[in-house]
Amino acid sequence: MSNQTQFFCPVCSLPLSEEEKSFTCPKNHCFDKAKQGYVNLLISNKQGTHGDDKLMVKARQSFLEKGYYGKLRDEIEFIIGKGNVLLDAGCGEGYYTSCFSENNDVFGIDISKEALKIAARKCKNARFAVASIYDIPLCDESVDVVVNIFAPDSPSEYLRLIKPNGRLIMVTPMENHLMELKKAVYDNPYTNAYVEPSRDGFVIKSQKEVKYEINLETNEDIISLFKMTPYYYNTSQKDIHKLDGYNDLVTRVEFLITEYEKI
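This one's a predicted model, so the numbers in the text were calculated from it and none came from an experiment.

Peer 1: Before we move on, can you summarise the pattern of salt bridges with the specific residues and values?
Peer 2: Counted by the stated rule, this structure contains 16 salt bridges. Between K66 and D221 there is a salt bridge whose closest N-O contact spans 2.7 Å. Here the residue K66 occupies a position in the loop between α1 (54-64) and α2 (70-80), and D221 occupies one in helix α7 (residues 219-227), the gap between them amounting to 155 residues. Here K66 falls in the partly exposed class, since its relative accessible area comes to 45%. Residues joined by salt bridges that share partners form a network here, namely D140, E157 and R160.

Peer 1: Which residues make up the nonpolar core, and what are the values?
Peer 2: One finds Y69, I76 and F100 to be the most contacted residues of the largest nonpolar core, which totals 51 residues. Those residues within four positions of F100 in sequence are excluded, and the remaining contacts are I76, E77, I80, L86, D88, V106, V147 and I149.

Peer 1: Please set out the side chain of N192 residue by residue, giving values where relevant.
Peer 2: Inspection of the secondary structure assignment puts N192 in the loop between α6 (179-185) and β10 (202-216). Relative accessible area serves as the criterion here: at 11%, N192 is assigned to the buried category. At 3.5 Å, the side chain of N192 and the side chain of K182 are in polar contact. A distance of 2.8 Å separates a polar atom in the side chain of N192 from a polar atom in the side chain of Y231.

Peer 1: How would you summarise the environment of D52 if you had to cite specific residues and measurements?
Peer 2: Relative to the helices and strands, D52 resides in the loop between β4 (39-40) and α1. Separated by 30 residues in the primary sequence, D52 and S22 place their C-alpha atoms 25 Å from one another. Those residues in contact with D52 that lie beyond four places of it in its chain are V57, R60, S112, E114 and Y233.

Reading the values: rules and limits
- Residues numbered from 1 in each chain as written.
- Predicted model: local features only at pLDDT ≥ 70, side-chain atom pairs only at ≥ 80, totals over all residues.
- Heavy atoms only, no water.
- Salt bridge = Lys/Arg side-chain N within 4 Å of Asp/Glu carboxyl O.
- Helix = DSSP H or I, 4+ residues; strand = E, 2+ residues; numbered from the N terminus.
- Buried < 20%, exposed > 50% of the residue type's maximum accessible area, 1.4 Å probe, protein only.
- Core = buried A, V, L, I, M, F, W, Y, C linked by side-chain atoms within 4.5 Å.
- Contact = heavy atoms within 4.5 Å.
- Polar contact = N/O pair within 3.5 Å; in protein donor to acceptor, adjacent residues only side chain to side chain.

Quick look at the structure:
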């Protein structure tokens with residue numbers, strides 16, 4: 001692990017030293033480790049959400065561990081390479097993080113304690129904190145790579161955190177991602193909005209489209225996948241229950257991996 005990059009104190013912004021059961025800063029602000037190994041650095045008056053609950057996290061974990069998105073994970077790992085100080089921003093239950101940490105010095109943040117309970121148990125050689133993606137407890141220009149996989153975007157924080165000539169890797173759904181799944185739910189399914197790839201402070205280094213079909217073999221997998229999407233929170237229960245009649249479904253997945261370099 002790197003001794004130069006550390007979580008910092010959310011109260012005074014000084015570096016936190018990791019001890020056996022806690023993290024402490026030079027001003028003696030102390031944050032206890034959870035038994036799973038993560039630390040909660042989300043200050044209470046900055047909390048506005050608690051992230052995914054236990055059932056949602058379990059559904060996502062079950063789906064991902066069956067390998068449906070394995071091709072995507074392999075492509076991201078190849079682009080990242082080895083030997084980086086890396087932040088997985090919005091790491092969830094650690095499906096991708098555990099892979100990245102095999103060859104990199106990894107930090108993971110997520111606003112969901114339930115997700116980090118799983119991530120910290122799964123991935124012992126990474127460091128995890130409950131934190132907002134809009135207020136990340138790491139120092140300026142302290143990481144080589146930030147990875148964002150379907151998480152909310154935080155342009156100013158990513159620009160602050162990444163070292164000069166460091167990289168940001170954004171993974172976003174393409175226009176027809178999960179179209180067959182949406183056809184099963186909606187009378188008039190819509191394509192995903194186009195996301196303008198350019199961003200201040202970065203140039204695009206590479207782009208990779210990852211497209212393939214997945215065969216969802218159980219109703220549980222179909223429901224779990226739909227719960228992983230933002231569509232779930234904006235869909236009526238009547239429409240969601242349309243999926244009850246499906247025990248298998250083939251749908252296309254379409255991802256865009258954009259690799260940026262900080263200028």
